[in-house]
Amino acid sequence: MAVVHQTTMQPTKLELLTAWLPTREWHAGGEARPERVGGFRLDDPAGEVGIEFMAVTDGEGDGATTHLVPLTYRGEPLDGAEHALVGTSEHGVLGKRWIYDGTHDPVLVGQLYALLTGRAQAQAQSLTDVPDLTVAVSPLTVEGAEGAAEAELVRAVDGPDHTDVVLRAPGAPDPLTLRVRRVLDAGTDLAPGVGGVTAEWRLPDGTSVRGVFAAEVTGGLGS
């Protein structure tokens, strides 16, 4: 169980994202002024890595765009992931933390897979040991997924509004691709029979909406 510490981070997550978001292919463009508007956490079974799926709204009024930013928080650098480093921050309790784009972190990818195969529970973003029951999960449909206890990250590739995460699960004959939505679209839902995650966030006017955060890419999918 991950403990959510009520403390400070210097710089803050949003300050780091202000500099990092404009460097991403899927960012709406221009200067970033992100505000956190939703998301959830997952627990690392080893208790070493913090995992958060953060929704941030950038912009104002009709021009506002909501981005999904999966993040991991580590006490040491992740070997080979320099390209995915969002930045470092001093945590008031845990000390220096290395913060990564979680789509490139094998721990986050493994726990997202666990969520989609019924082995993990979405947790409230800012509370300790409180399940987030607003997060809805449709189980994966790929052959072999039901028997696999873990999955290995193969690669993550950014697109114009998403990141495709390719992973390999023990027992599955072929790699699986999970499409993590980087630009969230209110009112979207999973296609029938497609595994994935839907969750909530807030619009600038305070309205609560929900849409697809991640979904498996199967034959006929891809948009």
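Residue indices begin from 1 for each chain and proceed along its sequence in written order. For a predicted model such as this one, the threshold for reporting local features is a pLDDT of at least 70, and the threshold for listing and counting side-chain atom pairs is 80 or more; totals across whole chains, interfaces and linings nevertheless cover every residue. Derived side-chain values reflect all non-hydrogen atoms in the structure, with water molecules and hydrogen atoms excluded from consideration.

A. Representation of the overall build of the protein in the model. Of the regular secondary structure elements, the protein holds two helices and twelve strands. Starting at the N terminus and ending at the C terminus, the protein contains elements arranged as β-α-β-β-β-β-β-α-β-β-β-β-β-β. It is over C-alpha atoms that the radius of gyration is taken, and the globule rule equals 2.2 Å times the number of residues to the power 0.38. For the protein, the C-alpha radius of gyration of 16 Å lies close to 17 Å, the compact-globule estimate for 223 residues. Taken along its principal axes, the extent of the C-alpha atoms in the protein is 45 × 40 × 35 Å. Think of it in three bands: residues with accessible area under 20% of the maximum for their type are buried, residues over 50% are exposed, and the middle band is partly exposed, with areas taken using a 1.4 Å probe on protein chains only. Counting only residues that meet the buried cut, the protein has 48% of its 223 residues in that class. Relative to all contacts within the protein whose residues are 6 or more apart in sequence, the contacts with residues 24 or more apart total 55%. Under the convention used here, a 1.4 Å probe and the Shrake-Rupley method define accessible areas, while residue burial counts only the protein chains that appear. Put simply, the protein shows about 10500 Å² of open surface, and 50% of that area lies on carbon and sulfur atoms. Seen as two clouds, the 16 positive and the 32 negative side-chain charges of the protein have centres 1 Å apart. Helix and strand labels come from DSSP, where a helix needs a run of H or I of at least four residues and a strand needs a run of E of at least two; each type is numbered from the N terminus. Residue contacts are counted whenever heavy atoms from the two residues lie within 4.5 Å of one another. By the counting scheme adopted, Arg and Lys are positive, Glu and Asp are negative, and His together with the chain ends is not counted. Working definition for charges: the position is that of NZ of Lys, CZ of Arg, CG of Asp or CD of Glu.

B. Seen up close, helix α1 (residues 13-20). Inspection of α1 places Leu16, Leu17 and Trp20 among the buried residues, and these make up the whole buried set. Each buried residue of α1 sits inside an arc of 100° when the element is viewed along its axis, so together they form one side. Next to the buried residues of α1 lie β3 (50-58), β4 (65-74), β5 (85-91) and β6 (95-101). By definition, the arc is the one covered by directions from the helix axis to the C-beta atoms.

C. The arrangement of the pattern of salt bridges in detail. One side-chain nitrogen of Lys or Arg within 4 Å of one carboxyl oxygen of Asp or Glu is enough to make a salt bridge. Under the counting rule described, the total for this entry stands at eight salt bridges. Here Lys13 makes a salt bridge to Glu52, at a shortest N to O gap of 2.9 Å. Of this pair, Lys13 sits in helix α1 while Glu52 is found in strand β3, placing the two residues 39 residues apart along the sequence. Accessibility expressed as a relative area gives 23% for Lys13, which makes it partly exposed. Note on Glu52: relative accessible area 2%, which makes it buried. When the shortest N-O distance is used, the salt bridge between Asp164 and Arg179 registers 2.6 Å. Taken together, the residues Asp164 in strand β9 (residues 162-168) and Arg179 in strand β10 (residues 176-181) connect sequence positions 15 residues apart. For the pair Asp164 and Arg179, one class covers both residues: buried.

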